[in-house]
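Chain by chain, the residues:
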Amino acid sequence: MSNYDVIIIGAGAAGLMCARVATALGKNVLVIDHNEKPGRKIIISGGGRCNFTNLNATYENYLCKNQHFVKSALAQYTPYDFLDMVGKYKIKYFDKQYGALFCQNSSQEILNMLLQECSKAKFQMNCKTSKIIKSDCFEVATNLGNFKANSLVVATGGLSIAKLGATGFGYDIARQFNLKVIPPKPALDGFKLNKDDLKYFYDLAGVSSNILISIKHKIYKEPILFTHQGLSGPASLKASLYFDETDIIKINWLPDFSLNDSFYDTNNLNIKLENFLNLHLPKRLTAALIDKHNFKNLKLNELKRKYFSDIINLLQNYEVKPVSTIGYQKAEVTKFGVDTDELYSNSMEVKSVKGLYFIGEVVDVTGELGGYNFQWAWSSGYVAGLNV
Ligand SMILES: Cc1cc2nc3c(=O)[nH]c(=O)nc-3n(C[C@H](O)[C@H](O)[C@H](O)COP(=O)(O)OP(=O)(O)OC[C@H]3O[C@@H](n4cnc5c(N)ncnc54)[C@H](O)[C@@H]3O)c2cc1C
């Protein structure tokens, strides 16, 4: 049996960062992964350009039972710390929107950088773990033999996109050690519409519109995209993070339109409602909304003013009750997971099991869309790496 200081299960974003820091401190590190290659999600992320951080990341960008838990790791390893490393490797990047940094060329550059940074770690790929045994140390039984270490770091990610190697193994390890796991759910995946809405919106697949979406206390002004299942696009992905099954989402289809300004604009009064709405909405969306709600398609000056304002009010406070979010096959992340009550926030070590750590997406910390999830992987991996 081979002995190590640290075994990290999962060669993804968090595991690689942890391996980098621990090896830099002189630790003998083994990284185990059942995939053939490390960092598969890094490669496909950000449409192949990896949105590797967000300069404005604070604990408020994360969904977590205890949001304050996120503060310590984020403060110990900030977006600017990661950016320093990106700079050293001369990786070109750009700020797409509000501090969301993407590679100019390819995600592969981020992965190459991380692999270079943890070149002193030993990797066992295609390695399937069957059992973890805890004695005076951690024993990991695998198809490639048994390995022992004083510290075990679980960096197995969430359940999103099984074909990239996602499993629930991290949650199983947590349960083995009697840790609370908040039942995981897919997130950043958009919405499945109910049958009634889909009847009218199904044919809009491919249509996009700039809207304002509200869910709970969150409001996003972003494009929405209709699909054959429901709603996608940045607005829906962002809102899906905060969605619970009983929620109703509100959509303002006319976010830049003010009733007072426009109704009294006499230039508009001689046009039909449909044409008027087409000035603000994609034509197919107007048609679907008129059909669904039986709007009287009269000229504006033939409509009662009250009727017109009721229509606008409906369109600006449009309620949709999705059946669910889309699911793990499309989800960028898995929300919930290992309860942060079980972990020290400054090291990610399990309070009740010395030497056991959980980092990255397997933990109940989920970032909004925009580079926040990688930043959590880097920050949590970093603090664990310092402490293993
Ligand atoms: C399509 C897509 C695009 C994304 N784009 C972005 C983006 O641009 N910006 C951003 O911030 N976030 C993005 N994300 C989210 C981001 O990729 C994850 O939050 C991040 O990778 C989580 O890091 P992790 O190390 O915790 O898990 P992962 O990166 O998922 O790594 C987990 C590793 O554990 C391994 N593993 C799992 N189970 C086992 C097992 N039983 N035995 C051995 N190994 C196992 C897996 O093979 C994998 O290598 C995206 C996600 C997806 C799916």
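Residues numbered from 1 in each chain as written. Predicted model: local features only at pLDDT ≥ 70, side-chain atom pairs only at ≥ 80, totals over all residues. Heavy atoms only, no water.

### Remarks on the overall build of the chain
Piece 1. Of the regular secondary structure elements, the chain holds 13 helices and 21 strands.
Piece 2. In terms of overall dimensions, the chain has C-alpha extents of about 85 × 40 × 35 Å along its principal axes.
Piece 3. Of all 388 residues assigned to the chain, the portion counted as buried reaches 54%.
Piece 4. For the chain, contacts bridging at least 24 residues in sequence account for 72% of all contacts bridging at least 6.
Piece 5. Of the roughly 17,100 Å² of accessible surface on the chain, a fraction of 49% belongs to carbon and sulfur atoms.
Piece 6. Where the 44 positive side-chain charges of the chain centre and where its 36 negative ones centre are 2 Å apart. (Helix = DSSP H or I, 4+ residues; strand = E, 2+ residues; numbered from the N terminus. Buried < 20%, exposed > 50% of the residue type's maximum accessible area, 1.4 Å probe, protein only. Contact = heavy atoms within 4.5 Å. Areas by Shrake-Rupley, 256 points an atom, 1.4 Å probe, with all protein chains shown as cover. Lys, Arg positive; Asp, Glu negative; His and termini not counted. Charge placed at Lys NZ, Arg CZ, Asp CG, Glu CD.)

### Considering the packing of aromatic side chains
Piece 1. In this structure the tally under the stated criterion is 18 aromatic pairs.
Piece 2. When the centroid spacing of 5.8 Å and the interplanar angle of 40 degrees are considered together, the rings of F52 and F82 count as tilted. In this pair, F52 is assigned in strand β3 (residues 51–54) and F82 in helix α4 (residues 79–88), connecting sequence segments 30 residues apart. In terms of burial, F52 and F82 fall into one category: buried.
Piece 3. Above the ring of F138, the side-chain terminus of K134 is found at 4.8 Å from the ring centroid. (Phe/Tyr/Trp six-rings, centres within 6.5 Å; stacked < 30°, edge-to-face > 60°. Lys NZ or Arg CZ within 6 Å of the ring centre and 35° of its normal.)

### A closer look at the site of the ligand
Piece 1. Around the ligand, 31 residues are found, and the nearest of them are A14, D33, T167, E361 and F374.
Piece 2. Interatomic distance of 3.1 Å between a backbone N/O atom of A13 and an oxygen atom of the ligand.
Piece 3. One of the backbone N or O atoms of H34 is found 3.3 Å from a nitrogen atom in the ligand.
Piece 4. For the ligand, whose accessible area on its own is 990 Å², the fraction buried by protein is 93%.
Piece 5. If you list the elements that add at least two residues to the shell around the ligand, you get α1 (13–24), α2 (40–48) and α13 (372–387).
Piece 6. Looking at the shell around the ligand, its residues break down into 13 nonpolar, 14 polar and four charged. (Near = heavy atom within 4 Å. Polar contact = N/O pair within 3.5 Å; in protein donor to acceptor, adjacent residues only side chain to side chain. Nonpolar A, V, L, I, M, F, W, Y, C, P; charged D, E, K, R; others polar.)

### Observations concerning the domain arrangement of the chain
Piece 1. By the assigned domains, the chain splits into domain 1 (2–186 + 335–387) and domain 2 (191–325).
Piece 2. On a C-alpha basis, the centroid separation for the pair domain 1 and domain 2 is 40 Å.
Piece 3. Facing ten residues of domain 1, the contacting portion of domain 2 comprises 13 residues.
Piece 4. Between domain 1 and domain 2 lies a buried interface of about 810 Å² when both sides are counted; carbon and sulfur atoms form 50% of it.
Piece 5. Among the residues of domain 1 in contact with domain 2, K335, E368 and L369 are the three that bury the most area, contributing 54% of the side total.
Piece 6. Our count for the domain 1 to domain 2 interface comes out at one salt bridge. (Domains from an automatic or database assignment. Buried area = accessible area lost by both parts, 1.4 Å probe. Salt bridge = Lys/Arg side-chain N within 4 Å of Asp/Glu carboxyl O.)

### Remarks on the sheet that holds β3
Piece 1. Spatial strand order, β3-β6-β5: three strands in an open sheet with antiparallel pairing. The two strands at the open ends of the sheet, each matched to only one other strand, are β3 and β5 (93–97). Geometrically, the sheet is characterised by an average inter-axis angle of 35 degrees between neighbouring strands, direction not taken into account.
Piece 2. Bridge analysis of β5 against strand β6 (residues 100–103) gives four bridges, and the strand direction is antiparallel. Across the sheet, Q97 pairs through a bridge with A100, a residue of β6.
Piece 3. Those strands touched by α4 are β3, β5 and β6, and its axis lies near 140 degrees from that of β3. (Pairing = 2+ DSSP bridges. Axes fitted to C-alpha atoms, helices over the stretch in contact; angles between N-to-C directions.)

### Notes on α1
Piece 1. Between its terminal C-alpha atoms α1 stretches 17 Å, which fits the 16 Å expected from twelve residues at 1.5 Å a residue.
Piece 2. Of all the twelve residues making up α1, eleven are buried; the element is thus mostly covered by neighbouring parts of the structure.
Piece 3. Taken together, the buried positions of α1 are occupied by A13, A14, G15, L16, M17, C18, A19, R20, V21, A22 and T23.
Piece 4. Two residues or fewer past α1, G26 is found with a positive phi of approximately 90 degrees. (Expected span 1.5 Å × (residues − 1).)

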